[in-house]
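Per-entry structural report
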Amino acid sequence: MRDIYLDNNATTKVDPSVVDVMLPYFTEQFGNPSSIHRFADGVAKGIKKARGQIQELLGCEHDSEIIFTSCGTESDSTAILSAIKAQPNKKEIITTMVEHPAVLNLCEYLEKEGYTIHRLPVDKAGRLNLEAYKAMLSDKVAIVSVMWANNETGTLFPVVDMAEMANAAGVMFHTDAVQAVGKIPMNLKDTKIDMLSLSGHKLHAPKGIGVLYLKRGTRYRPLLRGGHQERGRRAGTENTASIVGLGKACELALHYMEHENTHVKAMRDRLERGIVEQIPHCFITGDLNNRLPNTSDIAFEYIEGESILMLLNKAGIAASSGSACTSGSLEPSHVMRAMGIPYTAAHGTIRFSFSRYNTMTDVDHVLKVMPDIVAALRNLSPYWDGDRPVADPEQAFAPTYS
Amino acid sequence: MWDYSEKVQEHFFNPKNAGAVKDANATGEVGSISCGDALRLTLKVNPETEVIEESGFQTFGCGSAIASSSVLTEIIKGMTLDEALKVTNQDIAAHLDGLPPEKMHCSVMGREALQAAIANYRGEEWSDDHEEGALVCKCFAIDAVMIEEMVWANKLRTVEDVTNFTKAGGGCAACHEDIEAILEKVLAEKGEKFDPDAASIEVVSEKKEKKPLTNLQRIKRIEEVLDSLRPQLMADGGDVELVEVIGNTAYVNMTGACNGCQMSAMTIAGIQQRLMEVLGEFIKVVPASEMSKLVTIGA
Ligand SMILES: Cc1ncc(COP(=O)(O)O)c(C=O)c1O
């Protein structure tokens, strides 16, 4: 049995045709694109082509709106820091409670520096309240940063509408679209989104390459100053091979967009149906009708996620978990807590994330092993008795001596 | 994924003594589902001999929590209650060939469940004296509660102070920001303000005396330093005893959990570092067991 990779929201396999287009840039096309000799020509052309391919996928107006960075995190940091540097009198930032740490930890840091951070809460299904959002918008806000798709649940936020609202209030809008790009169609030129982050390794390009989309006319301050690369907006000699690879990956993502939203989605849906039918006391988290097509996050009650992952791993299946233990912290994932998922379930969440490389056979294999894994761990759990949870688990297991 | 030892994996994939013991006469329950870790330990104790005849566990938790529970039930089977009380969390970790620092709390939970079960058998009260905070320093497995206590108790003012007293922050430096936040918080509670440029308290106290120490002074100072480190060692279930000082070499006995545990070499190095800083001279710390060797070689 081959290993089954269902952790594509963590990272993806580089597509072989992406590798193919990259290889020459390590050898014969090794020139520095800024140089004035023939070693540079092909490289500069390769980068130009990649910019066009990315422009196509994002649906943006100009290819000069694409700034290459080193990763999604750098794009997020650049966007937010640029907005506050360019508008020094605006001391507020709006974001959500469920952002990726790339945004959340930066905001926490800025809070210490004296910024006011508004973190929009979510409901049980992980949805935002747009009325509350509207009330927060004011001329004191430097930037709104809201993710397009959540990395844990796949839940989509209405960023196109939210960008309109921000724009109407004269506020800059950034979206962390690291999980969304390549999985759902977008057409940035028809939106009021000012900045958008993406990361290559989530869409079958290599790790260590990202993009910040910067709508023409948006006020901007670079994070890295130095050479004139990326028109001085991001200094540092270009990661040429990865840029060319990312371009190809974006071309492929566009090609497979329909496949992603039909075939890949069908695998995800079949997995969910099978699990919920076979296994008692589990439920799917997030906004079930408004999600990425490839992501499923399932909470298995009364057992802990890391142990599930270890047993899955032994069965040749790779997934991930929002449990505290997998991260070494004492708290389960901030996304689960923001949605108010009870602790009895939050520690046992497993995220399965698909890609076009998965097959229905993969799904069948997971469905075959999952019930036994859950049953084995529930057998060990003090919160489980026979075929059901102990009556009132919090009560039944109340450590008298602790 | 964690770098779990073969032993941890063995006990996780094939747990021993899973489930509750029938006719158990001792039960210990620790942890809670909100923390993501909970353990119920049941024992069958022979009332005549106080020997643990059977032990079983039920655990909600991660791989190392399940492995720690499983290995614990194996360790204590056949022990008398008094023997079992001496089992430390370090013993549990050692039987698993070590645990990652983030996971040491799983072994602590095992020890606590055992103590709770024995207290339950004897009709005694057992209270959890071990408050655990978020792990701050991953290099040396120091949590926030420990750092806060040390900052309070020893009037620490800088990250360097915290490193000197707890080792936290002495490795990769990733936690310096977190340590500063703790200093800021505790100092604010004391009505003071954190000053990143403050001189470390060591520097202040060191300036006073620069005369070489007499041997008696040296021994006294060494005892003082060991006393100041003791709470930290005891929190890990261990202790240290000064056996002899010959010239600049201090011979110590590591007792309890520190004895022979995988951290002991690191602990000794930490003690030595601290002695050198406080005494302002070179001090070598050597396990007392090395003393006999030295004497025989010398003779
Ligand atoms: C939503 C989101 N934002 C940002 C990132 C960070 O991207 P990178 O790993 O390229 O820095 C990730 C990746 O985990 C992500 O899922």
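Predicted model only: the values in this text are computed from it and were never measured. Each residue is numbered by its place in its chain's sequence as written, counting from 1. Here the convention is simple: chains get letters from A, ligands get numbers from 1, in the order in which they are written. It should be noted that, the model being predicted, local features are given only for residues of pLDDT at least 70 and side-chain atom pairs only at 80 or more, the latter also being counted only at that level, while totals for whole chains, interfaces and linings use all residues. Each side-chain value is worked out from all heavy atoms of the structure, with water and hydrogens disregarded.

1. Describing the pairing of strand β2 (residues 66-69) of chain A
Residue and element names in this part refer to chain A. Here is the rule we go by: Burial classification: accessible surface area is computed with a 1.4 Å probe over protein chains only, and a residue below 20% of its type maximum counts as buried, one above 50% as exposed, and the rest as partly exposed. By definition, any uninterrupted DSSP run of H or I lasting at least four residues is a helix, any uninterrupted run of E lasting at least two residues is a strand, and each is numbered from the N terminus. For two strands to be treated as a pair, DSSP must find no fewer than two bridges joining them.
A two-sided burial pattern is seen for β2, the buried positions comprising Ile 66 and Phe 68 on one face and Ile 67 and Thr 69 on the other. Of the pairings in the sheet, the one linking β2 to strand β8 (residues 210-214) comprises four bridges and is antiparallel in character. If you follow Ile 67 over to β8, its bridge partner there is Leu 212.

2. Let's talk about the site of the ligand
Residues and elements named next belong to chain A. Under the convention used in this document: One heavy atom within 4 Å of a molecule or strand makes the whole residue count as near it. Any N or O atom pair separated by 3.5 Å or less is treated as a polar contact, with the protein-specific requirement of one donor-capable and one acceptor-capable atom, and with residues adjacent in sequence counted only for side-chain atom pairs. Surface accessibility follows the Shrake-Rupley procedure with a 1.4 Å probe radius. Residue values consider only the protein chains on display as shielding. Only Asp, Glu, Lys and Arg are considered charged in this grouping, and only Ala, Val, Leu, Ile, Met, Phe, Trp, Tyr, Cys and Pro are considered nonpolar; every other residue, Gly among them, is considered polar.
Lining the immediate surroundings of the ligand are 13 residues, of which Thr 73, Asp 176, Gln 179, Ser 199 and Lys 202 lie closest. Take Gln 179: an N or O atom from its side chain is 2.8 Å from an oxygen atom of the ligand. Residue Lys 202 places a side-chain N or O atom 2.6 Å away from an oxygen atom belonging to the ligand. Here the ligand, which alone exposes 390 Å², has 87% of that area covered by the protein. A per-element tally of the shell around the ligand places helix α3 (residues 72-86) first, with three residues. Residue classes in the shell around the ligand are distributed as three nonpolar, seven polar and three charged.

3. Re the sheet that holds strand β9 (residues 282-284) of chain A
Residue and element names in this part refer to chain A. What counts is decided by this rule: In what follows, a contact means two residues having at least one pair of non-hydrogen atoms within 4.5 Å. Helix axes use the C-alpha atoms of the stretch in contact, all axes being lines fitted to C-alpha atoms, and the angles between their N-to-C directions lie in the range 0 to 180 degrees.
Strand order in the open sheet formed by four strands is β9-β10-β13-β12, with antiparallel pairing between adjacent strands. The sheet is open, and its two edges are formed by β9 and β12 (320-321), each paired on a single side. Looking at chain direction, β9 and strand β10 (residues 295-300) are connected through three bridges and run antiparallel. Bridge pairing links Phe 283 to Ala 299 in β10. Where helix α9 (residues 305-314) meets the sheet, its contacts fall on β10, β12 and β13 (349-353), and the angle it forms with β13 comes to roughly 45 degrees.

4. Section: the domain arrangement of chain B
Think of interface size as the accessible area that goes away when the parts come together; that is how it is often given. Residue and element names in this part refer to chain B. This is how the line gets drawn: Each domain's extent was defined by an automatic or database domain assignment. Buried area: the accessible surface (1.4 Å probe) lost by two parts on joining, summed over both. Take a side-chain nitrogen of Lys or Arg and a carboxyl oxygen of Asp or Glu: if they are within 4 Å of each other, that pair is a salt bridge.
Here the domain parsing of chain B yields domain 1 (6-121), domain 2 (135-189) and domain 3 (215-298). The partner domain 3 presents nine residues to the eight residues of domain 2 that form the contact. In this assembly, domain 2 packs against domain 3 so that about 740 Å² is buried in total across both faces, 58% of it on carbon and sulfur atoms. Contact with domain 3 buries area across many residues of domain 2, yet Asn 164, Phe 165 and Lys 167 alone supply 54% of it, more than any other trio. Summed over the shared surface of domain 2 and domain 3, the number is zero salt bridges. Where domain 2 touches domain 3, the interface holds zero residue pairs in polar contact (both at pLDDT 80 or more). Looking at the side of domain 2 that touches domain 3 element by element, the count peaks at three residues for helix α7 (residues 159-166).

5. Things to note about the side chain of Gln 87 of chain A
All names here are of chain A. Mapped onto the elements of the fold, Gln 87 is located in the loop between α3 and β3 (92-96). With relative accessibility at 10%, the residue Gln 87 sits in the buried group. With residues near it in sequence (within four places) discarded, Gln 87 still touches Ala 142, Met 172 and Arg 219.

6. Some points on the nonpolar core
Soluble globular proteins: nonpolar side chains tend toward being buried together. Threshold: Definition used in this section: a nonpolar core is a set of buried Ala, Val, Leu, Ile, Met, Phe, Trp, Tyr and Cys residues joined via side-chain atoms within 4.5 Å.
In terms of nonpolar packing, the biggest core is built from 68 residues, with Ile 275, Phe 300, Leu 312 and Phe 352 of chain A together with Ile 76 of chain B touching the most fellow members. Setting aside chain neighbours within four positions, we find Phe 352 of chain A in contact with Leu 6, Leu 271, Ile 275, Asn 294, Thr 295, Ser 296, Ile 298, Leu 312, Ala 319, Val 366 and Met 370 of chain A. Ranked by size, the runner-up nonpolar core spans 65 residues in total, among them Val 18, Tyr 25, Tyr 133 and Ala 241 of chain A.

7. Let's talk about the pairing of β3 of chain A
All names here are of chain A. The condition is simple: Here a crossover is taken to be right-handed if, once the strands point away from the viewer, the path from the first strand over the helix to the second is traced clockwise.
A large share of β3 lies buried, amounting to five of its five residues. Of the two faces of β3, the one lined by Glu 92, Ile 94 and Thr 96 and the one lined by Ile 93 and Thr 95 are each fully buried. Where β3 and strand β4 (residues 116-120) come together, five bridges link them in parallel fashion. Its bridge partner lying in β4, Thr 96 is registered against Leu 120. Read as a crossover between parallel neighbours, the route from β3 over helix α4 (residues 101-112) to β4 is right-handed. Pairing of β3 with strand β5 (residues 141-145) involves three bridges; the strand directions are parallel. Considered in β5, the bridge of Ile 93 is made with Ile 143.

8. Regarding the domain arrangement of chain A
Residues and elements named next belong to chain A. What the domain assignment lists for chain A is domain 1 (16-255) and domain 2 (257-396). Centre-to-centre, using C-alpha coordinates, domain 1 lies 30 Å away from domain 2. In this complex, domain 1 contributes 31 residues to the contact, which on the side of domain 2 involves 24 residues. The junction of domain 1 with domain 2 conceals about 2,300 Å² of combined surface from both sides, 58% of it contributed by carbon and sulfur atoms. Contact with domain 2 buries surface across domain 1, with Glu 152, Thr 153 and Lys 183 losing the most and accounting together for 29% of the total. The tally of links between domain 1 and domain 2 comes to ten residue pairs in polar contact (both at pLDDT 80 or more). Considering each element in turn, the side of domain 1 that touches domain 2 owes the most residues, four residues, to helix α7 (residues 240-255). Here the side of domain 1 that touches domain 2 is built from residues that sort into 15 nonpolar, ten polar and six charged.

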